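One letter stands for each residue in the lines below.
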Amino acid sequence: MANLASNFIGIKSPNPFWLASAPPTDKKVNVERAYEAGWGGVVWKTLGSEGPPVVNVNGPRYGAIWGADRRLLGLNNIELITDRPLEVNLQEIKEVKRKWRDRALIISLMVPCDEESWKDILKRIEDTEADGVELNFGCPHGMAERGMGSAVGQVPEYIEMVTRWVKQYSRMPCIVKLTPNITDIRKPAEAAKRGGADAVSLINTINSITAVDLDDFAPEPTIDGKGTHGGYCGPAVKPIALNMVAEIARSRETAGIPISGIGGVTTWRDAAEFMALGAGNVQVCTAAMTYGFKVVQEMISGLSDYMDRKGFADTSELVGRAVPNVTDWQFLNLNYVTKAHISQDDCIKCGRCYIACEDTSHQAIEMGPDRTFTVKDEECVACNLCVNVCPVENCITMVEMPKGQVDPRTGRTVGDYANWTTHPNNPLARAAE
Amino acid sequence: MSNSQLTPGIVPARLPAASYEANFADHEPPLDRHEARVAADRCYFCHDAPCMTACPTSIDIPLFIRQIATGTPEAAAKTILSQNIMGGMCARVCPTETLCEEVCVREVAEGKPVEIGRLQRYATDTLMARDVHPFTRAAATGKRVAVVGAGPSGLACAHRLAMKGHEVTVFERRPKAGGLNEYGIATYKSTNDFAAREVDWLLKIGGITVKTGVTLGKDVALADLMNDYDAVFLGIGLAGVNALRAAGEDLPGVENAVDFIAGLRQAGDRSTVAVGRDVVVIGGGMTAVDAAVQSKLLGAENVTIVYRRGREKMSASGHEQEHATQTGVRIIYGAAPVKVTGGARAEAVEFAYTEDGPAGLRLMDQGFTLKADQVFKAIGQTLAGVPDSLSVTGGKLPRHPGPKLWCGGDCAEGGEDLTVTAVAEGRDAAEEIHAALTGAAG
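Residues numbered from 1 in each chain as written. Chains lettered and ligands numbered in written order. Predicted model: local features only at pLDDT ≥ 70, side-chain atom pairs only at ≥ 80, totals over all residues.

Peer 1: Could you give an account of the overall build of chain A, naming the residues involved and the relevant values?
Peer 2: Looking only at helices and strands, one finds 13 helices and 20 strands in chain A. For chain A, the C-alpha radius of gyration of 24 Å lies close to 22 Å, the compact-globule estimate for 433 residues. Each of the three principal axes of chain A carries a C-alpha extent, and together these read 70 × 55 × 50 Å. Restricting to contacts in chain A with at least 6 residues of sequence separation, those with at least 24 account for 70%. (Helix = DSSP H or I, 4+ residues; strand = E, 2+ residues; numbered from the N terminus. Rg over C-alpha atoms; globule rule 2.2 N^0.38 Å. Contact = placed C-beta atoms within 7 Å.)

Next up, the structure:
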């Protein structure tokens, strides 16, 4: 069995699955249940400054979107940071850490954007023996209105400044949690690095309105007839998160900075994908909130089996393995030609590939008598839409045309690698000649 | 002295009173809202969907299921009813396992089709529970059409004609409208008087007058209808029953299965319906299954269906046959009745095994005898009461025998003798009549 033990910026955990700072990590009772279920680490729900704690709404905090069979695909929330007294949290963190020495315990922090506030909170958490801090520069709702959370995360200079304070006043490893509610994720990551962050974690939630009540004409979740934007998470955000992780992993300025991957991790496969794109570990929230803490057991067995199949003895062999293959569009091989192929044995004759192609794409699928669907190679641009809409996995596959063969669509012979930078249609390529 | 399953002869009240309600409860209970959403989620929204092609009324099944999935069952019902005004009954009685659900791509993929029939019922029940009629009539055309027979084809025809603005009079020989929906469907498939409620709901379109107790050729002549109306539709069904052609057929205790089924449907109190201790049903169609299953549900001790050919030739579907055997009915394939024996009344039936060869069915020397105090004949219905002026081919009337006259449903050529086919033929005849009366194309 592969070794799942994880060492993330010096923080050790028996596996790379941490619970993200969120409702499931707000209290000792939850965190202990998570550890009992097998979670390798926990980022404690964000603590605020000393003083009266924040308050939450007393109406619904979550909105959701669902797929078939009401499978939860996306969740948004308008919950704020912990609304329990700071002392209670600190006491519980201390107790839990003492009892669970082998598990990671990180404290998430969000205090006003001034040096004194940060200095003060860092001092207060010192004797909890927590393994590190995560700076919550991400939450896009509520706290952002008070100049915290994503309001900080959207200004690289603030990120750098606060990170510097944290490194100055604390010996703890520091993870900076990034908000995706920006145009270029590399900028805040660079700022964190400049500030001395040991790692970044991403993504925090995405600003969102999940639904509108069509009787009351108000966004959901609705509080007494009004709603506000909340932070979106869950399986639906995974593609956005994967890209942002990859952008940081492959950017020259940020390459090598440890990344804790967050965003819709639901299964071992999701986790492995984040790790392949450069995440040293992953953080999970929605999957646990949907199914309970036991989901980690599938993640552990799945990742372990996968690593065994691949012959990876340690997670470090997986981390970043796909990063070199993330490139810019301009470098994609334009001489790589594939054609869709429909397996008649697997086809259940639903016709979805046909109508998708016929109505919305390239009219490259023929519907024959007896509902036999075949690809017209002379029309197929290999867009993959048919593969995506087919309900049967692997029924439609993209088959590569060997070099030297003539693509019946273009009449051109499949040649060696060539990309847009040298393509005759590229005006810049021509200018360079 | 109360009766029991072991009481000899044909007697009522074989079971404790409480058993009847349970035995004749909804055969397939309706889906609730949650179940319907889950079931609807399984539909792939196929292109040119095979289910739709398999439906004799061409209901846009993927569309109505999507409408259920998006929380608009009333819109789903309208999609169904615009093609099949008896979509409610068809949802209950269609042999979906040999129609839409047989060709569902998920049947191909997983051996488990989308539950189209039950979803259709969910949609139509939801709409009908609101007691509104979703269609309105076009401006009056001033044309008058006579429809003979208030069964599925006649009512479907009448509804479509009324919708087009014509004035329709329906003549029905029985005391109630509905045809086989009212008199021929197994009780557990159409509970809570659904057939009658559906007729009432259908007639809400307006412009339809139903005259019951009027028999063609007796109370009203086809020639007169042809003179008095702008067009005539005959949906007279199959009023006759095939004879057994076996000795002893006339003995008391030998009955038509259709009469038994109708009697049970019309009985307010099922415990008053008499049934034998040993019941033998001869035939291989849905009527045979319905008679046999309901005999069992009424408390008969032994019920046997005997069909002269093999299992694969039986017109009752595999699903129906399974339902029968699960209820405790025994099915014997490949045997034909030779003689009903008995003194004052039927006591047993002698059968000979058959051999189905290229030359047809041949009786073999070997056979068996089944005890029978009640024998049901379910070997098919025949056209009866056809006006002399009409020619009959292969036991059926032409769909359009001449000017101003159309036929549809079980009495007419084309399709299987199913409720859904009858509805399609009635509807299509109405479209042809409308085109003929208004000069409209199509």
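Peer 1: Go over the interface of chain A and chain B with me, naming the residues and quoting the values.
Peer 2: Contacts between the two partners involve twelve residues from chain A, matched on the other side by ten residues from chain B. Taken together, the residues that form the side of chain A that touches chain B break down as seven nonpolar, one polar and four charged. (Nonpolar A, V, L, I, M, F, W, Y, C, P; charged D, E, K, R; others polar.)

Peer 1: Explain the nonpolar core to me, and be specific about the residues and the numbers.
Peer 2: Generally speaking, soluble globular proteins have nonpolar side chains that are buried together. Residues Ile61, Ile68, Leu119, Phe233, Val281 and Ala292 of chain B are the most contacted members of the largest nonpolar core, which totals 150 residues. With eight residues, helix H17 (residues 419-438) of chain B is the largest single contributor of residues to this core. Beyond its immediate stretch of four places on either side in the chain, isoleucine 61 of chain B contacts Ala49, Cys51, Met52, Cys55, Cys100 and Ile116 of chain B. In terms of nonpolar packing, the next biggest core, distinct from the first, is built from 98 residues, Leu19, Val96, Ile121 and Val200 of chain A among them. (Core = buried A, V, L, I, M, F, W, Y, C linked by C-beta atoms within 7 Å. Buried ≥ 20, exposed ≤ 12 C-beta atoms within 10 Å, placed from the backbone.)

Peer 1: Would you mind going over helix H5 (residues 73-83) of chain B in detail, with residue names and values included?
Peer 2: Listed in full, the buried residues belonging to H5 of chain B are Pro73, Ala76, Ala77, Thr79, Ile80 and Leu81 of chain B. Buried residues along H5 of chain B sit against helix H4 (61-69), helix H6 (87-93) and helix H9 (116-129) of chain B.

Peer 1: Could you give me a rundown of the confidence of the model for chain B, with the residues and numbers involved?
Peer 2: Summary statistics for chain B give a mean pLDDT of 95 and a share of 99% for residues scoring 70 or more. Scoring of the predicted complex yields 0.92 for pTM and 0.88 for ipTM. (pLDDT = per-residue confidence, 0-100.)

Peer 1: How would you summarise H4 of chain B if you had to cite specific residues and measurements?
Peer 2: Residue and element names in this part refer to chain B. Where burial is concerned, most of H4 is hidden: seven out of the nine residues are buried. The set of residues buried in H4 consists of Ile61, Pro62, Phe64, Ile65, Gln67, Ile68 and Ala69. For H4, the secondary structure elements touched by its buried residues are helix H2 (33-40), helix H3 (50-54), H5, helix H7 (100-103) and H9. In the segment just after H4, glycine 71 is the residue with positive phi, at about 80°.

Peer 1: Can you explain the domain arrangement of chain B? Please cite residues and give values.
Peer 2: Residues and elements named next belong to chain B. Here chain B is described as being made up of domain 1 (33-129), domain 2 (144-239 + 383-438) and domain 3 (241-379). Computed from C-alpha atoms alone, the centre-to-centre distance between domain 1 and domain 2 is 26 Å. Counting residues at the interface gives twelve residues for domain 1, matched by 19 residues for domain 2. The dominant element in the side of domain 1 that touches domain 2, judged by the number of residues it contributes, is H6, at five residues. (Domains from an automatic or database assignment.)

Peer 1: Now, about the sheet that holds strand E11 (residues 346-357) of chain B: what can you tell me, with residues and values included?
Peer 2: Residue and element names in this part refer to chain B. Within the open sheet, the three strands sit side by side as E10-E11-E12. Their pairing is antiparallel. Every other strand in the sheet has two partners, leaving strand E10 (335-342) and strand E12 (360-371) as the edge strands with one partner each. Across the sheet, the mean angle from the axis of one strand to that of its neighbour is 25°, orientation sign disregarded. Looking at chain direction, E10 and E11 are connected through seven bridges and run antiparallel. Residue pairing across strands places alanine 336 opposite alanine 352, the latter belonging to E11. (Pairing = 2+ DSSP bridges. Axes fitted to C-alpha atoms, helices over the stretch in contact; angles between N-to-C directions.)

Peer 1: How would you summarise the sheet that holds strand E11 (residues 206-208) of chain A if you had to cite specific residues and measurements?
Peer 2: Residues and elements named next belong to chain A. Strand order across the open sheet formed by four strands is E5-E6-E14-E11, with antiparallel pairing between neighbours. Looking at the sheet topology across the chains shown, the edges are occupied by strand E5 (62-66) and E11. Across the sheet, the mean angle separating the axes of adjacent strands is 35° when strand polarity is ignored. Sheet topology places strand E6 (residues 72-77) next to strand E14 (residues 230-233); three bridges connect them, and they run antiparallel. Residue pairing for E14: asparagine 76 is matched across the bridge by tyrosine 232.

Peer 1: I'd love a proper account of unusual backbone geometry, names of residues and values included.
Peer 2: Residues and elements named next belong to chain A. The step from leucine 202 to isoleucine 203 runs through a cis peptide bond, and the omega angle for that step is 10°. Tracing the backbone shows isoleucine 203 in the loop between strand E10 (199-202) and E11. In this structure, proline 221 follows glutamate 220 across a cis peptide bond, with omega equal to 0°. For proline 221, the position within the fold is in the loop between strand E13 (218-220) and E14. The phi dihedral of asparagine 384 falls on the positive side, at around 85°, and the residue is not glycine. When you line up the elements, asparagine 384 lands in the loop between strand E19 (372-375) and helix H12 (385-389). One non-glycine residue, asparagine 394, lies in positive phi territory at about 65°.

Peer 1: Would you mind going over the packing of H2 of chain B against H4 of chain B in detail, with residue names and values included?
Peer 2: Residue and element names in this part refer to chain B. Where H2 contacts H4, the axes come no closer than 8 Å and their chain directions differ by 130°. By the angle between their axes, H2 is oblique relative to H4. Of the two elements, H2 crosses H4, and the hand of that crossing is left-handed. Contact residues: H2 offers Ala36, Arg37 and Ala40, while H4 offers Ile65, Ile68 and Ala69. (Parallel < 35°, antiparallel > 145°, perpendicular 65-115°, else oblique. Left-handed = near helix turned anticlockwise from the far one by under 90°.)

Peer 1: So what's going on with the packing of helix H3 (residues 115-125) of chain A against helix H5 (residues 156-169) of chain A? Residues and values would help.
Peer 2: Residue and element names in this part refer to chain A. Direction vectors running N to C along H3 and H5 enclose 40°, while the axes themselves pass 10 Å from each other. Here H3 is positioned oblique relative to H5, judged by the angle of their axes. In this structure, H3 crosses over H5, and the sense of that crossing is right-handed. Side by side, H3 and H5 meet where Glu115, Trp118, Lys119 and Leu122 of the first sit next to Val162, Trp165, Val166 and Tyr169 of the second. Considering only residue class, the contact of H3 with H5 consists of six nonpolar, no polar and two charged.

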